[in-house]
Amino acid sequence: MARSEIGTIPARPTSLRALARSIIAPAGALRHAEPLLRGLVPALIVLFLIALALGAFVTLQRSYDRAIAAATDQMGLLASSVVSHLDAGTAGASPATPPEPLARRGLERGLPAMARQGERSVLVTDSGGRILAVTGPVAAQPGTPLISLLGAAQPLTTFADRAGVMQINPPGLRPLLATVRTLKAPLGEVALVQPMDAVLAAWWSQMRLTVTLVVAIGLVLALLGAAFHWQSARA
């Protein structure tokens, strides 16, 4: 037994040298590949940031379209509810009944709560298109023609119900999401308007958060790339 153990001793240095070569060989290969990695790492970082930015842009665009579609559907349903409420208030009234009290009473009593939310405004006109009563933050005075407020170069005041819900840019006002519906006599029309800033308030918050995250990720990756380049230059 002793002889066999002694016979194995000379083989150990050979095994250690083989182990050392197996460890050193990959390190040498990495050293030869280092110039390639110096150029590859920044390129991969740039490609990743481009893909991240494109993904964020597509996501924000889709959420923008969904926000507009949801607000359009909601305003259409709300307009139908407001028309039913105002028409019920004029039931039994003759065409000769003064429309101003009916319009004011209709906006003061029983108006759907959502019509007052999100900076929405409701405007009621007579049969001649003059504003009789207003609720909401829009700057409009009774007696003003509705067409002068919304603008003449849009179909809302011409086609009313058939125009549906539209985005408009009235003179002197912020861009609006608006719809106009026909009312029973002695009233004329009702217009619902909402600033696009209010329509897209949640989307703007999401966009700011997304841009902040993308910029933060970009800065972190840029620092990592700079650290890698500095470390490889020292080696």
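Just above sits the structure.
Just so we're clear, the structure is a prediction, and the values are computed from it rather than from any experiment.

Visitor: Break down the packing of aromatic side chains for me, with residues and values.
Guide: Counted by the stated rule, this structure contains 2 aromatic pairs. Taking 5.2 Å as the distance between ring centres and 70° as the angle between the ring planes, the aromatic pair formed by Y64 and W203 counts as edge-to-face. One end of the pair, Y64, is in helix α2 (residues 11-89); the other, W203, is in helix α7 (residues 201-234), and 139 residues separate them in sequence. The class for Y64 is partly exposed, based on a relative accessible area of 25%. Measuring from ring centre to ring centre gives 5.2 Å for W203 and W204, while their planes differ by 70°; the resulting arrangement is edge-to-face. Overall, the relative accessible area of 12% leaves W203 in the buried class. Relative accessible area serves as the criterion here: at 36%, W204 is assigned to the partly exposed category. Among the aromatic residues, ring-to-ring pairing joins Y64, W203 and W204 into one connected group.

Visitor: How would you explain unusual backbone geometry if you had to name every residue and give the values?
Guide: Residue P186 follows A185 across a cis peptide bond; omega there is 15°. Among the secondary structure elements, P186 is positioned in the loop between β4 (176-182) and β5 (187-195). Positive phi values are uncommon outside glycine, yet E119 reaches one of about 60°. With respect to the element layout, E119 can be found in the loop between α3 (99-108) and β1 (121-126).

Visitor: With reference to specific residues and values, describe the side chain of T90.
Guide: With respect to the helices and strands, T90 occurs in the loop between α2 and α3. Look at T90 and you get buried, because its relative accessible area is 4%. A polar contact is formed between the side chain of T90 and the backbone oxygen of D87, at a distance of 3.0 Å. Among all residues touching T90, those that are not within four sequence positions of it are L102, K184, A185, P186 and L187.

What counts, and at which threshold
- Position numbers for residues start from 1 in each chain and track the written sequence from start to end.
- Only residues with pLDDT of 70 or above have their local features reported here, since the model is predicted, and side-chain atom pairs are shown and tallied only from 80 upward, although totals for entire chains, interfaces and linings are computed over all residues.
- The side-chain quantities take in all heavy atoms of the structure and omit both hydrogens and water.
- Only Phe, Tyr and Trp rings take part, Trp by its six-membered ring, and two of them pair if their centres are within 6.5 Å. Stacked means planes under 30 degrees apart, edge-to-face means over 60, and tilted covers everything else.
- Think of it this way: any DSSP run of H or I at least four residues long counts as a helix, any run of E at least two long counts as a strand, and we number them from the N terminus.
- Partly exposed residues are those whose accessible area sits between 20% and 50% of the maximum for their type, while under 20% is buried and over 50% is exposed, using a 1.4 Å probe and protein chains only.
- The term polar contact refers here to a pair of N or O atoms within 3.5 Å; inside protein, the definition further demands a hydrogen-donor-capable atom paired with an acceptor-capable atom, and it admits residues adjacent in sequence only when both atoms are side-chain atoms.
- Residue contacts follow a heavy-atom distance rule, with two residues in contact if any of their heavy atoms lie within 4.5 Å.

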